[in-house]
Amino acid sequence: MLNAKIPAGPLENKWTDYKGHCKLVNPANKRKLEVIIVGTGLAGASAAASLGELGYKVKAFCFQDSPRRAHSIAAQGGINAAKNYQNDGDSVFRLFYDTIKGGDYRAREANVHRLAEVSANIIDQCVAQGVPFAREYGGLLSNRSFGGTQVQRTFYAAGQTGQQLLIGAYQALERQVALGNVKMYSRHEMLEVVKVDGKARGIIARNLVTGKLERHFGHAVLLCSGGYGNVFYLSTNAMGSNVTAAWKAHKKGAAFANPCFTQIHPTCIPVSGDHQSKLTLMSESLRNDGRIWVPKKQGDNRKPNEIPEEERDYYLERRYPAFGNLVPRDVASRAAKERCDAGYGVGSSKQAVYLDYAAAIERYGRIEASKEGKEDAPLEEIIAWGKEVVKEKYGNLFDMYEKITGENPYEVPMRIYPAVHYTMGGLWVDYELQTSVPGLYALGEANFSDHGANRLGASALMQGLADGYFVIPYTIGNYLADEIYNKPISTEHEAFAAAEKEVSDRLDKLMSIKGNTSVESFHKRLGKIMWDKCGMARNAEGLQQAITEIQELKKEFWSDVKIPGGITEFNPELDKAGRVADFIELGELMCKDALNRNESCGGHFREEYQTPDGEALRDDANYMYVAAWEYKADSNWELHKESLEYDVIKPTQRNYK
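Okay, so let's go over this structure. Quick caveat, the model's predicted, so the values are computed rather than measured. (Residues numbered from 1 in each chain as written. Predicted model: local features only at pLDDT ≥ 70, side-chain atom pairs only at ≥ 80, totals over all residues. Heavy atoms only, no water.)

### Focus on the nonpolar core
Argument step 1. In terms of nonpolar packing, the biggest core is built from 185 residues, with Ile79, Leu222, Ile476 and Phe557 touching the most fellow members.
Argument step 2. When we break this core down by domain, the ones giving at least three residues each are domain 1 (266-420) and domain 2 (503-622).
Argument step 3. With sequence-adjacent residues up to four places away left out, Ile476 is seen in contact with Val35, Leu51, Tyr56, Ala220, Leu222 and Tyr441. (Core = buried A, V, L, I, M, F, W, Y, C linked by side-chain atoms within 4.5 Å. Buried < 20%, exposed > 50% of the residue type's maximum accessible area, 1.4 Å probe, protein only. Domains from an automatic or database assignment. Contact = heavy atoms within 4.5 Å.)

Following this line, the structure appears as structure tokens:
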């Protein structure tokens, strides 16, 4: 079932050789071929713009009112690229190596090396689009460090990098819309993949304003619909982020890979109560200059500024001296949990640690004082200068924190705690980004391909744009070159009629339940099961309990969910009900995947498998594979394994000390 289609030859030549030998579609034939793109975040918008520019007839769908609303806009810290502007030893190989190591040796070498290769092109593309990256005094683009690296390779636009990159991709997309090469369908949600003779040939979409079901044909379908972190209910994802497009594809035959590989981000504003519907991320870029600590004394209730330096435990610097506060996200998250579980947590909940900028403010202040020739300036003046520098670098993040918490992070340390952020699992794809269903592709966070068991910070934006701008324009041609002989299939075809009836019957079934429990209530309960038993730490007993509880929750959902309103109208509760139903099924698979993987690696931390000092303990002899699950029937999946072969990098126990 699984053929990764990895090109032969040396790793560094694979992508070049592939591009030189893949099939091409001539311009006249491109105009005859239709491509459907679901999702218009960075991956979807860049793919739609690129394929439209090439001459394909593109239809782009998003459930938001505008592509500008895509969750890519929320990425704050930056985008990685191996340009080595700092001359600090970076290279394509180092970016490749850091990504493989950061993912705990559970990613495919060929895909990751290609990502590192095209990374530099992404920056050039975005600069040409006018993305306002930060610049040094001399005009060169500025870089900062992110977790899991010892070089500065992260390009950024203050604390709103995702927003600026999305505006760039959106401009390119809208240009193609204006030229008539792309047709945009906003407020439309894909609810089914249509297959004809085993190939993806279109989708069934629901107009979320009118409730009308629509049939759309495509010679190929690209899913760029993001990740599934909202299965945990509380996450840093937008409220609308969901798994429905990918899950419908999965139930139509597309394998789902490594679903248990979810990322916990260490730098989030802690949960404050049951009233919350989402969590807020404080960018990993803050770990550049901020120092993370807890009191050395358990249960210390003093205010942070009252705790002297010698009574603070800078635990990341203590445990990981080589990387300090810039260890990868999974390592930093587990370390924070360990300190809080041991009784050293801070704040009213004791489920938080401090992220302190006092030292950075003073350091930057002294640099400014030196510029002014005032090395002997009073400390108050140095602090004032330092705050201005920090404000320029991170101001919008500090403002956001103050608005949410009511605390001034320039004066007192931020309180942070890990939260669900990103999903490394997703639809299984081969080297060409094609799923196990011919003609069906998955790009960006919707696929599993590039991050292994843990994603390094600032690599999500890199992957989304790499897939859309520089990978899919080549690889889709390799498939569509054989489709020029196939005329468009009428949406009156029986396969479209059957798929529409399947969607219609499901919606009718949901609306006919007329139960007493809200959709939100079921989502919350699912999220609690997932976080408690398949979250930052897992064990066999808890996962088995979770599977049973989710199966019971599913029965209750389909017998007691309450959905007001009707089908043929604007009905957000109905939209959410369908998404939560898919999350419940996905949650069960995630727990089964986590239970099957008897090792710890990256973000998958099985408590039974850890080193004496509490680090993840891999089992390369038995689990050096991608777990690709094929849907068989309700609560029934078959596991397929794609063996991971490492020809260039030798897997070792990760060491950030």
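### Some words on the sheet that holds strand S7 (residues 188-196)
Argument step 1. Strand order in the open sheet made by the three strands is S7-S8-S9, with antiparallel pairing throughout. Every other strand in the sheet has two partners, leaving S7 and strand S9 (213-217) as the edge strands with one partner each. This sheet shows a mean twist of 25° between the axes of neighbouring strands, independent of strand direction.
Argument step 2. The sheet contact formed by strand S8 (residues 199-207) and S9 spans five bridges and is antiparallel. Note on S9: the bridge partner recorded for Ile203 is His216. (Pairing = 2+ DSSP bridges. Helix = DSSP H or I, 4+ residues; strand = E, 2+ residues; numbered from the N terminus. Axes fitted to C-alpha atoms, helices over the stretch in contact; angles between N-to-C directions.)

### Thoughts on helix H3 (residues 42-54)
Argument step 1. Taking 1.5 Å as the rise per residue, H3 with 13 residues should run 18 Å; its terminal C-alpha atoms sit 18 Å apart, in good agreement.
Argument step 2. Most of H3 sits inside the fold, with 11 of its 13 residues counted as buried.
Argument step 3. Within the sequence span of H3, burial applies to Leu42, Ala43, Gly44, Ala45, Ser46, Ala47, Ala48, Ala49, Ser50, Leu51 and Gly52.
Argument step 4. Those residues of H3 hidden inside the fold are in contact with strand S1 (34-38), strand S2 (57-61), helix H6 (161-179), strand S6 (182-185), strand S10 (220-223) and helix H12 (460-480).
Argument step 5. Following H3 by one or two positions, Gly55 adopts a phi angle in the positive range, close to 115°. (Expected span 1.5 Å × (residues − 1).)

### A short note on the side chain of Asp356
Argument step 1. Mapped onto the secondary structure, Asp356 falls in strand S15 (residues 353-356).
Argument step 2. Of the residues examined, Asp356 reaches a relative accessible area of 8% and is grouped as buried.
Argument step 3. A polar atom in the side chain of Asp356 sits 3.1 Å from the side chain of Trp293.
Argument step 4. A polar side-chain atom of Asp356 sits 2.9 Å from the main-chain amide nitrogen of Ala358.
Argument step 5. Ignoring any residue separated from it by four or fewer positions in sequence, one finds Asp356 in contact with Asp289, Gly290, Arg291, Trp293, Arg312 and Pro413. (Polar contact = N/O pair within 3.5 Å; in protein donor to acceptor, adjacent residues only side chain to side chain.)

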